[in-house]
Amino acid sequence: MSRYPISIWWVRFDLRLEDNPALSAATRESEVVIPVFVFDSESETSKSKLRNNFLIGALIDLDLRLKRVRSKLLITQGDPSYELTKIIGRQSSIPVFANAGYSKQSKKVETLVAKHTQLRLFSGQVSVDPYEISKKNGEPFKVYSAFRRKWEKVYRQKIFNTDYRRLGFKSGIESSYDLHSGKNSLAPCSTRAHALRTLRAFTERNGRINRYSDLRDRVDRHTTSGMSETISLGLIGPNELFEVANSLRHSSAENRNLGSVNNWRNQLIWREFFKHSLNHFPESANKSLNPNLTHIDWINHKEDIEAWYEGETGYPIVDAAMRQLSEDGWIHNRLRMIVASFLVKDLLVDWRIGANWFHDKLIDYDSALNSGNWQWVAGTGFDASPFFRVFNPVLQGRKFDPEGNYVRRWIPEIKKLPSRVIHSPWELPHPPKNYPSPIIDHAWARKRVLSVYADAISS
């Protein structure tokens, strides 16, 4: 017998009906479950029109899927604690089921909601709850390799079933937000069906996963899973991803490249590590975690920052990536590392400035992955890249865009240059006049940043 006559599924970054711990529990314990999404400052104030359009498309898709089982998505706008309480009305016994967020803002919102409702939180963003993994002394892990070993011991494949018969709606209450008020060209890409098709294409017998280890850093080819946007909004769940990865690892008949499968699976575990880290150290979103590098003497030169924003630094691989970021709202992970290293190490700009720019531009923005990766590149986080590792943008370009095809696509000013100088056009006797000279000498900048970091460590 169900425990509750009615409950609310508070939809957050889990826009799916499958592999959803909160929804599974709600439909198991309730006669009727009302799906509710609230536009609030935690998730919907992105300055990226592309991300907002992607979100709208995902919400439309979820609403259509709910209507197929005679339910619908109730959408409101405002303070979640107020909006959810308003829906509950005087029926204070109605519980709210939700999957936990891990950022400081998410926790703040959850605290407010819990003051006014019976809030029950679950782990829907990760496969292993952050509080299930710790060192022997109870402290959270700060080193990825140790975290991964413990994660492998704790991880258990889970299945969260949803009883679709329990999904319904509350009579007399309608959405106060119109999902169909504008044109949305991204909607077809932000669906559950598209996420599943993308996963199948990547992992099929002749899929890109077979050469993932060899080609995943090539920025001139389509070599990654292409799922970061759908994963960021929870169109597909972490348990589903690990189920596929584990199936590929253990299936000898599929004749997959085991090294590539393990490499992809390892990236999924890195995601878990960053989620756990943000949960335990929410200050990491805007505070350097390495105690030896909390007082770096950043320069933050305005003109340098603007050149980086606009893709006008004079380093083609950096500029191509920054232009694509502004146009598409997405760039390859290798490119994210290159542009981050250039901003932080070459230009000595505070990593938080770059992290905020990514927040405003990325369709696949995820607070845990964003702060975790920026601190990794800057050397200021846990188990980060050594501070003395400074990416050479020319060598990075030559290695991961060897023919310059990626650069030519995004920097038409130099598309006719030969491959040997496409990543260093200033080496030509007569450099192109319509493309800027490098705003800084990399060799000199490398010496400078090593000195600045060394001073920060010794201070």
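Residues numbered from 1 in each chain as written. Predicted model: local features only at pLDDT ≥ 70, side-chain atom pairs only at ≥ 80, totals over all residues. Heavy atoms only, no water.

Student: So what exactly am I meant to see when it comes to the pairing of strand S4 (residues 95–99) here?
Tutor: Look at any regular strand and the pattern is simple: side chains alternate between the two faces of the sheet. With 5 of 5 residues buried, S4 lies mostly within the body of the structure. Burial along S4 is two-sided: the face carrying Pro95, Phe97 and Asn99 and the face carrying Val96 and Ala98 are both buried. Taken together, the 2 bridges between strand S1 (residues 4–11) and S4 define a ladder with parallel strand orientation. Across the sheet, residue Trp9 finds its bridge partner in S4, namely Phe97. Taken together, the 5 bridges between S4 and strand S5 (residues 118–122) define a ladder with parallel strand orientation. Each residue of the ladder has a partner; that of Pro95, found in S5, is Gln118. (Buried < 20%, exposed > 50% of the residue type's maximum accessible area, 1.4 Å probe, protein only. Helix = DSSP H or I, 4+ residues; strand = E, 2+ residues; numbered from the N terminus. Pairing = 2+ DSSP bridges.)

Student: What should I look at first to understand the sheet that holds strand S2 (residues 30–39) in this one?
Tutor: Within a beta sheet, neighbouring strands are joined by backbone hydrogen bonds and run either parallel or antiparallel to one another. Strand order across the open sheet formed by 5 strands is S3-S2-S1-S4-S5, with parallel pairing between neighbours. The two strands at the open ends of the sheet, each matched to only one other strand, are strand S3 (74–77) and S5. Pairwise comparison of adjacent strand axes, ignoring direction, gives a mean angle of 30° for this sheet. (Axes fitted to C-alpha atoms, helices over the stretch in contact; angles between N-to-C directions.)

Student: I'm lost on the pattern of salt bridges in this one. Help?
Tutor: Opposite charge on two side chains makes pairing possible when the charged atoms of those side chains draw close. Considering all chains together, one arrives at 21 salt bridges under this definition. Across the pair Arg192 and Glu18 runs a salt bridge whose closest N-O atoms are separated by 3.3 Å. With Arg192 in helix H6 (residues 192–203) and Glu18 in the loop between S1 and helix H1 (21–29), this residue pair connects regions lying 174 residues apart in the sequence. By the burial criterion, Arg192 is buried, and Glu18 matches it. Where salt bridges share partners, they join Glu18, Arg65, Arg192 and Glu240 into one cluster. (Salt bridge = Lys/Arg side-chain N within 4 Å of Asp/Glu carboxyl O.)

Student: Looking at this model, I keep getting lost on helix H3 (residues 80–88). Mind explaining?
Tutor: Structurally, the α-helix is built with 3.6 residues per turn, so residues lying three or four positions apart point the same way. Every buried residue of H3 is accounted for by Pro80, Ser81, Glu83, Leu84, Ile87 and Ile88. Looking at the buried side of H3, the elements it contacts are S1, S2, S3, S4 and helix H4 (104–116). In the segment just after H3, Gly89 is the residue with positive phi, at about 65°. (Contact = heavy atoms within 4.5 Å.)

Student: How do you make sense of unusual backbone geometry when you look at a structure like this?
Tutor: Trans peptide bonds make up the majority, and among non-glycine residues the majority have a negative phi. Positive phi values are uncommon outside glycine, yet Asn300 reaches one of about 55°. Positionally, Asn300 belongs in the loop between helix H10 (258–280) and helix H11 (302–310). You can call Asn300 partly exposed: its relative accessible area is 30%. Unlike most non-glycine residues, Leu348 shows phi in positive territory, near 55°.

Student: Can you help me understand the environment of His222 in this one?
Tutor: Inspection of the secondary structure assignment puts His222 in the loop between helix H7 (212–215) and helix H8 (228–232). Each C-alpha atom, one on His222 and one on Ile94, is 47 Å from the other, the two residues being 128 residues apart in sequence.

Student: Would you mind showing me how to read the packing of helix H12 (residues 316–328) against helix H14 (residues 351–361) here?
Tutor: In helix packing, the relevant descriptors are the interaxial angle and the interaxial distance, both defined with respect to the helix axes. Direction vectors running N to C along H12 and H14 enclose 40°, while the axes themselves pass 9 Å from each other. The orientation of H12 with respect to H14, classified from their angle, is oblique. Every residue of H14 that contacts H12 at Met322, Leu325 and Ser326 is listed here: Trp357, Phe358 and Lys361. Classifying every residue of the contact of H12 with H14 by side-chain character gives 4 nonpolar, 1 polar and 1 charged. (Parallel < 35°, antiparallel > 145°, perpendicular 65-115°, else oblique. Nonpolar A, V, L, I, M, F, W, Y, C, P; charged D, E, K, R; others polar.)

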